[in-house]
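Coordinates in review
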Amino acid sequence: MRSPDVQQLGMFSYVSVEDRVPSDHPIRKLRILVDAILGELDELLAVRYAAGGRPSIPPERILRASLLQVVYSVRSERLLMEQLNYNLLFRWFVGLDIDDPVWDHSTFSFNRQRLFDEAIAQHFFEHTVLLGRLRDLVSDEHFSVDGTLLEAWASHKSFRPKDDHDEGDGDNFRGQPRSNETHASTTDPDARLIRKGKGKEAKLSYLANSLMENRHGLVVGVDVRHASGTGERDGALDLLTAAGVRQGATLGADKGYDTQDFVAALRARGIVPHIARNTGNGRRSAVPRAVARTRGYGISQKVRKRIEQGFGWIKTIGGLRKLPRVGLAAVRGWVTWTFAAYNLIRLGGIGEWWEPSPT
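Residue positions are given per chain, counting from 1 as you read along its sequence in written order. Whole-chain, interface and lining totals are the exception, using all residues; otherwise, since this is a predicted model, local features are given only for residues with pLDDT of at least 70 and side-chain atom pairs are given and counted only at 80 or more. Excluding hydrogens and water, the side-chain values take into account all heavy atoms of the structure.

**Quick notes on the environment of leucine 63**
Every helix listed is a DSSP run of H or I at least four residues long, and every strand listed is a run of E at least two residues long, numbered separately from the N terminus. Looking at the element boundaries, leucine 63 is found in helix H4 (residues 59-71). Note on classification: 1.4 Å probe, protein chains only; a residue is buried when its accessible area is under 20% of the maximum for its type, exposed when over 50%, partly exposed between these limits. For leucine 63, a relative accessible area of 1% corresponds to the buried category. Spatially, the C-alpha atom of leucine 63 lies 22 Å from that of arginine 321, the residues being 258 residues apart in sequence. By the convention used here, residues are in contact when the closest approach between their heavy atoms is within 4.5 Å. Not counting the four nearest positions on each side in its chain, leucine 63 is found in contact with Leu38, Leu45, Leu115, Phe116 and Trp337.

**Overview of the nonpolar core**
Core analysis: the biggest nonpolar cluster contains 94 residues, and Trp103, Phe124, Leu211, Leu251 and Val335 have the highest contact counts within it. For this core, the leading source of residues is helix H15 (residues 328-348), giving 11 residues. If we ignore the near neighbours within four places in the chain, the residues touching leucine 251 are Phe143, Ser144, Val145, Leu211, Leu240, Phe262, Leu266, Ile271, Val272, Pro273, His274 and Ile275. Throughout this description, the term nonpolar core refers to a set of buried Ala, Val, Leu, Ile, Met, Phe, Trp, Tyr and Cys residues connected via side-chain atoms within 4.5 Å.

**Brief notes about the packing of helix H2 (residues 26-40) against H4**
Orientation is described by axes fitted as lines to C-alpha atoms, over the contacting stretch for helices, and by angles from 0 to 180 degrees between their N-to-C directions. Across the interface, H2 lies against H4 with an axial gap of 11 Å and an inter-helix angle of 140 degrees. In terms of axis orientation, H2 runs oblique to H4. Considering only the axes of H2 and H4, their crossing is right-handed. Where H2 abuts H4, its residues Ile27, Leu30, Arg31, Val34, Asp35 and Leu38 lie against Glu60, Leu63, Arg64, Leu67, Leu68 and Val71. The residue classification treats Ala, Val, Leu, Ile, Met, Phe, Trp, Tyr, Cys and Pro as nonpolar and Asp, Glu, Lys and Arg as charged. All others, Gly included, are polar. Considered class by class, the residues forming the contact of H2 with H4 number 8 nonpolar, no polar and 4 charged. Working rule for angles: under 35 degrees goes down as roughly parallel, over 145 as roughly antiparallel, 65 to 115 as roughly perpendicular, anything else as oblique. In this scheme the handedness of a crossing depends on how the near helix is turned from the far one: anticlockwise by less than a right angle means left-handed, clockwise means right-handed.

**Considering the packing of helix H10 (residues 231-243) against helix H11 (residues 260-268)**
The geometry of H10 relative to H11 is characterised by a closest axis approach of 11 Å and an angle of 10 degrees between their N-to-C directions. Judged by the angle between their axes, H10 and H11 are roughly parallel. Within the contact between the two elements, H10 uses Arg233, Ala236, Leu237 and Leu240 and H11 uses Phe262, Ala265 and Leu266.

**Describing the side chain of arginine 225**
Among the structural elements, arginine 225 can be located in strand S6 (residues 219-226). A distance of 2.7 Å separates a polar atom in the side chain of arginine 225 from a polar atom in the side chain of aspartate 223. Side-chain polar atoms of arginine 225 contact the side chain of aspartate 238, separated by 2.6 Å. When near neighbours in sequence (up to four residues on either side) are disregarded, arginine 225 contacts Tyr206, Leu207, Asn209, Gly231, Asp234, Gly235, Asp238, Leu328 and Arg332. Think of a polar contact as two N or O atoms within 3.5 Å of one another; within protein, one of them needs to be a possible hydrogen donor and the other a possible acceptor, and neighboring residues in sequence only count if both atoms come from side chains.

**Some details on the pairing of strand S5 (residues 202-213)**
Among the 12 residues that make up S5, 11 are buried, leaving the element largely enclosed by the rest of the structure. At least two DSSP bridges between two strands are needed for those strands to be called paired. When strand S1 (residues 142-151) meets S5, the two strands line up antiparallel, connected through 9 bridges. By the bridge assignment for S5, glutamate 151 is matched with serine 205. Sheet topology note: the strand S4 (residues 192-195)/S5 ladder contains 4 bridges and is antiparallel. From the neighbouring strand, leucine 193 faces S5, where its bridge partner is leucine 204.

**Thoughts on the pairing of S1**
Burial analysis of S1 places 7 of its 10 residues in the buried class, which makes it a mostly covered element. Relative to strand S7 (residues 250-253), S1 runs parallel, the two being bridged by 3 bridges. Bridge assignment links histidine 142 to a residue of S7, and that residue is threonine 250.

**A closer look at unusual backbone geometry**
Of note, serine 73 is a non-glycine position whose phi angle comes to about 55 degrees, a positive value. Accessibility expressed as a relative area gives 37% for serine 73, which makes it partly exposed. Phi at asparagine 281 is positive, roughly 55 degrees, even though this residue is not glycine. Tracing the backbone through its elements, the reader meets asparagine 281 in the loop between strand S8 (272-275) and helix H12 (289-292).

**Section: the packing of aromatic side chains**
Only centres within 6.5 Å qualify two rings of Phe, Tyr or Trp (six-membered ring in Trp) as a pair; their planes then separate them into stacked at under 30 degrees, edge-to-face at over 60, and tilted for everything else. Under the defined criterion, the tally for this structure stands at 8 aromatic pairs. Consider the rings of phenylalanine 116 and tryptophan 337, whose centres lie 6.3 Å apart with planes at 85 degrees: the pair is edge-to-face. Within this pair, whereas phenylalanine 116 is found in the loop between helix H8 (112-115) and helix H9 (118-134), its partner tryptophan 337 is found in helix H15, the two being separated by 221 residues in sequence. Comparing phenylalanine 116 with tryptophan 337, the two get one shared label, buried. Ring geometry for tyrosine 257 versus phenylalanine 262: centroids 5.5 Å apart, planes at 55 degrees, classification tilted. Site record: aromatic cluster; members linked through ring pairs are Phe108, Phe116, Phe124, Trp334 and Trp337.

**Brief notes about the environment of valine 219**
Relative to the helices and strands, valine 219 is located in strand S6. Here the alpha-carbon distance between valine 219 and valine 129, two residues 90 residues apart in the chain, equals 7.5 Å.

**Re H10**
The terminal C-alpha atoms of H10, which comprises 13 residues, lie 18 Å apart, in line with the 18 Å expected from a rise of 1.5 Å per residue. Residues of H10 that are buried include every one of Gly231, Gly235, Ala236, Leu237, Leu239 and Leu240, and no others. Each element contacted by the buried residues of H10 is listed here: S1, S5, S6, S7 and H11. Backbone geometry just after H10 places glycine 244 at a positive phi near 65 degrees. Expected span of a helix, by definition, is 1.5 Å for each gap between consecutive residues, and there is one gap fewer than residues.

Okay, here's the thing in structure tokens:
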């Protein structure tokens, strides 16, 4: 029998938000991981708030909401709040009950310096790596490194002479010599004009480097700096130092890292260079043939390509194809935060290890 389409709205609901989220939904794994990390950051968050005064929105809820923005590719905080108002899945993840009011989108702007700086992002990221280590998912022997350019939130029109010489509205710069030494962006002075390769257009960008462990593809180090021709190799060495990569480890990389200075720096640290040999145009590779003939070298060259998955994820899903932040410090914090979200997604997909251990 056909039932009538009665649309009288009910006034009460006796089903909790918890019951409306499927028990096998992947976001439940993510919530367990995030809550574990936020619990470790309690002291760091406490010192950023006054002991008295008007109660604030719990910082844990703001950080969870920001993670949702990255994971679900929500392009703005205004849209995030709109989703949080009617999306029960989002409400459950953030920690809001079905009747709790949603805060204004400007709350993110007010708390930008307090909760979204480099220190919070770095601590959160390091705890994602620690979770992998606790479950023996991070290798201390085999790593890969690579870098990518992230387009800054600035246009070519903003790239003006540093001496304040008037060149019109900046729209027509054909035939005018421009370089990072003489020009800077008025929108984002930390951005640098650089091209990805020969025949490519130059863009105002930042350089992001990442260090990946080869066992499960987790990112164990992130470095963001001014874009330059040597930034990838300099960033790689800094990442190895920060991660404490020990003697005897291997490092996979592409041909751009095959230089005498970089390979010599690796060998001085006792790290085996599993770098793709660049022998084009009669060039002599800095990687010894004896190393390139080993079985481990072939494995590293195959696995190192997995690092591109991280860069692809932060640009497409994480929304970093064009940076939404301005300034090196803000960009560094947001990129690190996005890589932390990437690690959480990978951790949640590795078996059932994420379930809390019995105490």
